[in-house]
Amino acid sequence: MITVRVPAKVNVQLGVGGLRADGFHDLANVFFAVALGDEVTASAGAPGEGVTLTCTGPDAAVVPLDGSNLAARAARLLAARHGMADPDVRLHIAKAIPVAGGMAGGSADGAAALVACDALWQLATPVATLLELAAELGSDVPFALLGGVALGRGRGEILDPLPVTGTFHWVFAVADGGLSTPAVFRECDRLREEAGTGSGDTDVATPDADPALLAALADGDAVALAGALANDLQSAALSLRPSLAATLRAGTEAGALGALVSGSGPTCAFLAKDAEAAAAVADALRASGTCRTAHATHGPVPGATVLP
Ligand code: ATP
């Protein structure tokens with residue numbers, strides 16, 4: 001039996017280019033792995049049982065347990081790469097990452113299942129191959145393997161690790177219900193059309209990483225990082241879920257250095273000065289009635305890791 005711990009991510013910068021002919025957007029995506037994470041356990045299944053899935057945690061009821069689950073798809077993909085037809089494996093997800101929350105929880109479970117099955121089946125798959133399989137599963141999966149802080153380009157799947165100093169303290173406010181990532185991108189395009197700027201990749205400049213944000217990460221400067229937090233999907237998430245404005249305000253009024261919607265939302269992320277400030281912001285958010293719950297956490301942390 002192998003258990004893998006895998007982090008959620010927050011995008012400290014999410015620059016969204018125009019809509020490409022292939023339906024994707026070019027991104028300048030600075031991923032940051034946080035300690036809030038899931039655990040995926042893989043154990044041998046009975047012969048002929050196939051891939052089976054169980055899930056526990058506050059959001060377990062909304063996690064799909066069929067073949068569409070990214071953990072199950074990852075197990076099958078890895079098996080196929082090694083010429084194993086119909087693997088028999090039991091996967092259990094202990095889920096702490098909010099579902100459809102903009103924190104790449106499904107992608108995290110996909111990365112964790114790759115690492116867990118690789119260890120269970122003693123395949124010793126090279127990291128480069130795992131990264132390739134991860135990119136096939138989805139654009140956010142490679143980062144969950146890598147962890148730390150990284151710049152994602154293209155659809156987000158071309159990754160370069162970034163230097164960081166020290167630990168940053170975060171609070172995540174979890175909303176009731178999720179937001180569909182494709183719907184948020186569509187709303188971003190719609191708002192750009194409405195504003196008259198156009199939404200195609202010839203209308204919108206190709207996004208690039210913000211040098212001030214990269215310097216803040218490298219220097220371990222939370223105040224500077226808070227000032228540089230940026231998410232081009234935030235106005236679209238707020239347009240689809242106007243109540244998030246009150247959540248962002250509640251965390252800021254409670255002393256957060258900076259606040260933004262995490263990825264496509266609806267989870268909101270708050271940067272705090274230190275662990276005590278983060279605990280206070282989380283308490284204030286829980287008391288504010290503007291979110292379902294709030295978690296104080298920290299990062300960066302490593303990507304999918306086998307637990308001893
Ligand atoms: P992202 O930030 O990458 O856009 P997200 O955090 O908003 O993703 P997820 O939690 O990954 O969203 O879930 C999106 C959808 O993926 C869910 O509604 C669910 O149907 C599906 N899904 C597939 N596998 C999983 C999984 N292991 N855990 C949660 N959702 C999963």
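Residues numbered from 1 in each chain as written. Predicted model: local features only at pLDDT ≥ 70, side-chain atom pairs only at ≥ 80, totals over all residues. Heavy atoms only, no water.

Undergrad: Pulling in residues and values, what's your account of unusual backbone geometry?
TA: Note on backbone geometry: most residues besides glycine have negative phi, and most peptide bonds are trans. For the bond running from Gly265 to Pro266, omega is 5 degrees, close enough to zero to count as cis. When you line up the elements, Pro266 lands in the loop between strand E9 (258-261) and strand E10 (268-272). Cis rather than trans, the peptide bond between Gly299 and Pro300 has omega equal to 5 degrees. In this model, Ala100 sits at a positive phi of 55 degrees, which is unusual for a non-glycine residue. Relative to the helices and strands, Ala100 resides in the loop between strand E4 (89-94) and helix H2 (105-120). On the basis of relative accessibility, which here comes to 41%, the residue Ala100 falls in the partly exposed class. The backbone of Ala104 shows a phi angle near 60 degrees, a positive value even though the residue is not glycine. Mapped onto the elements, Ala104 comes out in the loop between E4 and H2. (Helix = DSSP H or I, 4+ residues; strand = E, 2+ residues; numbered from the N terminus. Buried < 20%, exposed > 50% of the residue type's maximum accessible area, 1.4 Å probe, protein only.)

Undergrad: Can you tell me about the sheet that holds strand E7 (residues 168-174), naming the residues and giving the values?
TA: Remark on secondary structure: sheet strands pair via backbone hydrogen bonds, oriented parallel or antiparallel. Ordered in space as E9-E10-E7-E11, the four strands form an open sheet in which the pairing is antiparallel. Among the strands making up the open sheet, the edge pair consists of E9 and strand E11 (293-299). In this sheet, neighbouring strand axes are inclined to one another by 25 degrees on average, regardless of whether the strands run parallel or antiparallel. Where E7 lies against E11, seven bridges are found, and the strand directions are antiparallel. When the sheet's bridge partners are listed, His169 is paired in E11 with His298. (Pairing = 2+ DSSP bridges. Axes fitted to C-alpha atoms, helices over the stretch in contact; angles between N-to-C directions.)

Undergrad: Describe the packing of helix H1 (residues 70-81) against H2, with residues and values.
TA: Axis separation between H1 and H2 bottoms out at 7 Å; the angle between their running directions is 35 degrees. By crossing handedness, the relation of H1 to H2 is classed as right-handed. Together, Leu70, Ala71, Ala74, Ala75 and Leu78 of H1 and Gly106, Ser107, Asp109, Gly110, Ala113, Leu114, Cys117 and Asp118 of H2 make up the contact between the two elements. Residues belonging to the contact of H1 with H2 are distributed by class as follows: eight nonpolar, three polar and two charged. (Left-handed = near helix turned anticlockwise from the far one by under 90°. Contact = heavy atoms within 4.5 Å. Nonpolar A, V, L, I, M, F, W, Y, C, P; charged D, E, K, R; others polar.)

Undergrad: Please provide a residue-by-residue account of helix H9 (residues 244-253), values included.
TA: For H9, the set of buried residues is Leu244, Thr247, Leu248, Ala250 and Gly251. Taken end-on, H9 shows its buried residues confined to a sector of 160 degrees, consistent with a single buried face. Summarising the contacts, the buried residues of H9 are in contact with E7, helix H8 (234-240), E9, E10 and helix H10 (275-288). Just downstream of H9 lies Gly255, where phi reads positive at about 110 degrees. (Arc of directions from axis to C-beta.)

Undergrad: Please give an account of the side chain of Thr125 that cites residues and values.
TA: By secondary structure assignment, the location of Thr125 is in the loop between H2 and helix H3 (127-137). Looking at Thr125, its side chain comes within polar contact range of the side chain of His82, at 2.9 Å. Among the polar contacts listed, one links the side chain of Thr125 to the side chain of Asp118, at a separation of 2.5 Å. Those residues in contact with Thr125 that sit more than four places away from it in its chain are Leu78, His82, Asp118 and Leu130. (Polar contact = N/O pair within 3.5 Å; in protein donor to acceptor, adjacent residues only side chain to side chain.)

Undergrad: Give a detailed account of the site of the ligand, specifying residues and quantitative values.
TA: In the vicinity of the ligand there are 21 residues, among which Gly102, Ala104, Gly106, Asp140 and Thr181 approach most closely. Contact distances for the ligand include 2.7 Å between an oxygen atom and a side-chain N or O atom of Asp140. Against a free-state accessible area of 620 Å², the protein chains account for coverage of 78% of the ligand. For the shell around the ligand, the element with the highest residue contribution is H2, accounting for three residues. Grouping the amino acids of the shell around the ligand by side-chain chemistry returns nine nonpolar, eight polar and four charged. (Near = heavy atom within 4 Å. Areas by Shrake-Rupley, 256 points an atom, 1.4 Å probe, with all protein chains shown as cover.)

It is worth stressing that arrangement in space is one thing and function is another; only the former is reported here.
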